[in-house]
Amino acid sequence: GDSVTQMEGPVTLSEEAFLTINCTYTATGYPSLFWYVQYPGEGLQLLLKATKADDKGSNKGFEATYRKETTSFHLEKGSVQVSDSAVYFCALSDRTGGGNKLTFGTGTQLKVEL
Amino acid sequence: DAGITQSPRYKITETGRQVTLMCHQTWSHSYMFWYRQDLGHGLRLIYYSAAADITDKGEVPDGYVVSRSKTENFPLTLESATRSQTSVYFCASSEKEISYEQYFGPGTRLTVT
């Protein structure tokens, strides 16, 4: 079945450092890909998405490009802030199974320090 | 308030008790979902619903029951709570096969003693 693999955390960075969180996927068909963010004590919020190969999703300075050839959707940000500290989840849409379902990775915790 | 709400936000119950977690959304989304979040497992789908009176099992349905008599509500019941069901539970909703984007509630932290 479909699956998402994320790099394990926690990832600890200094403010203004460059961020990469790796995400690779296995899927049949052509899924849409998502990054969700979860701030402490809250539910998940959609950060960005891409619906087809070579699409780039972007939001709040974060970017991710849908790479079909490497089955990857790595999250990047050029300069992180303390306020970016959160858990980040990569996910894909399960088109074959139907039901609007998403398959999530296990999440990567990001800690940004001054 | 518009959006998706969950109640209670925190719940402590004893092993063997029945407990119901509530989820309500105001968007009239067709799809609704229940997940549990545990360290090392990310989010795992318990049950989902494509419309009122239509529900289906997810990855980890054992020990849980759902119903959906109205589009806006999707309660999750633990019929006889066990310690392994201690977790954070999230409800989510999604429009019908448009973008697959899901909107999440704030979560319910359940502790089974």
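Here goes a summary of the coordinates provided. (Residues numbered from 1 in each chain as written. Chains lettered and ligands numbered in written order. Predicted model: local features only at pLDDT ≥ 70, side-chain atom pairs only at ≥ 80, totals over all residues. Heavy atoms only, no water.)

1. Section: the overall build of chain B
Phase 1: Secondary structure summary: chain B contains zero helices and 11 strands in total.
Phase 2: Shown N-terminal to C-terminal, the secondary structure of chain B runs as helices and strands in the order β-β-β-β-β-β-β-β-β-β-β.
Phase 3: The C-alpha atoms of chain B give 13 Å as radius of gyration, which agrees with the globular expectation for 113 residues (13 Å, within 12%).
Phase 4: Each of the three principal axes of chain B carries a C-alpha extent, and together these read 40 × 25 × 25 Å. (Helix = DSSP H or I, 4+ residues; strand = E, 2+ residues; numbered from the N terminus. Rg over C-alpha atoms; globule rule 2.2 N^0.38 Å.)

2. Quick look at the interface of chain B and chain A
Phase 1: Each side of the interface is counted separately: chain B has 24 residues, and chain A has 20 residues.
Phase 2: Taken together, both faces of the contact between chain B and chain A bury some 1700 Å²; the carbon and sulfur share is 56%.
Phase 3: Between chain B and chain A we count one salt bridge in total.
Phase 4: The partner of B:Glu101 in a salt bridge is A:Lys49, and the shortest N-O contact between them spans 3.7 Å.
Phase 5: Counting across the interface, chain B meets chain A through two residue pairs in polar contact (both at pLDDT 80 or more).
Phase 6: At the level of secondary structure, the elements contributing two or more residues to the side of chain B that touches chain A comprise β4 (31-38), β5 (42-51) and β9 (87-94) of chain B. (Contact = heavy atoms within 4.5 Å. Buried area = accessible area lost by both parts, 1.4 Å probe. Salt bridge = Lys/Arg side-chain N within 4 Å of Asp/Glu carboxyl O. Polar contact = N/O pair within 3.5 Å; in protein donor to acceptor, adjacent residues only side chain to side chain.)

3. Things to note about the sheet that holds strand β1 (residues 4-7) of chain B
Residues and elements named next belong to chain B.
Phase 1: With antiparallel pairing, the four strands of this open sheet are ordered in space as β1-β3-β8-β7. Edge strands, defined here as strands with exactly one partner in the open sheet, are β1 and β7 (64-66). For this sheet the average axis-to-axis angle between neighbouring strands, irrespective of direction, equals 20°.
Phase 2: In this structure, strand β3 (residues 19-25) lies alongside strand β8 (residues 76-78), joined through three bridges in antiparallel fashion. (Pairing = 2+ DSSP bridges. Axes fitted to C-alpha atoms, helices over the stretch in contact; angles between N-to-C directions.)

4. Considering the nonpolar core
In globular proteins that are soluble, nonpolar side chains generally tend to be buried together.
Phase 1: A:Trp35, A:Leu47, A:Leu48, A:Phe73, A:Leu75 and A:Tyr88 are the most contacted members of the largest nonpolar core, which has 26 residues in total.
Phase 2: Going through the elements one at a time, β2 (11-14), β3 (19-21), β4 (23-26), β5 (33-38), β6 (44-50), β8 (62-65), β10 (86-93) and β12 (108-113) of chain A are the ones with two or more residues in this core.
Phase 3: Counting residues in each nonpolar core, the second largest holds 19 residues, with B:Val19, B:Val60, B:Val66 and B:Tyr89 among its members. (Core = buried A, V, L, I, M, F, W, Y, C linked by side-chain atoms within 4.5 Å. Buried < 20%, exposed > 50% of the residue type's maximum accessible area, 1.4 Å probe, protein only.)

5. Topic: the environment of A:Tyr39
Phase 1: Within the secondary structure, A:Tyr39 sits in the loop between β5 and β6.
Phase 2: Beyond its immediate sequence surroundings of up to four residues, A:Tyr39 is in contact with A:Gln45, A:Lys60, A:Ser83, A:Ser85 and A:Ala86.

6. Quick look at the pairing of β4(B)
Residues and elements named next belong to chain B.
Phase 1: Across the eight residues that make up β4, a large majority, eight, are buried.
Phase 2: Here β4 shows two buried faces, one formed by Tyr31, Phe33, Tyr35 and Gln37 and the other by Met32, Trp34, Arg36 and Asp38.
Phase 3: Pairing between β4 and β9: seven bridges, direction antiparallel. Along β9, the bridge assignment pairs Arg36 with Tyr89.
Phase 4: The sheet contact formed by β4 and β5 spans seven bridges and is antiparallel. Looking at β5, one finds that Met32 is bridged to Ser49.
Phase 5: Turn length for the β4-β5 hairpin, with the two strands adjacent in sequence and antiparallel, is three residues, and the turn residue Gly40 shows positive phi of about 85°.

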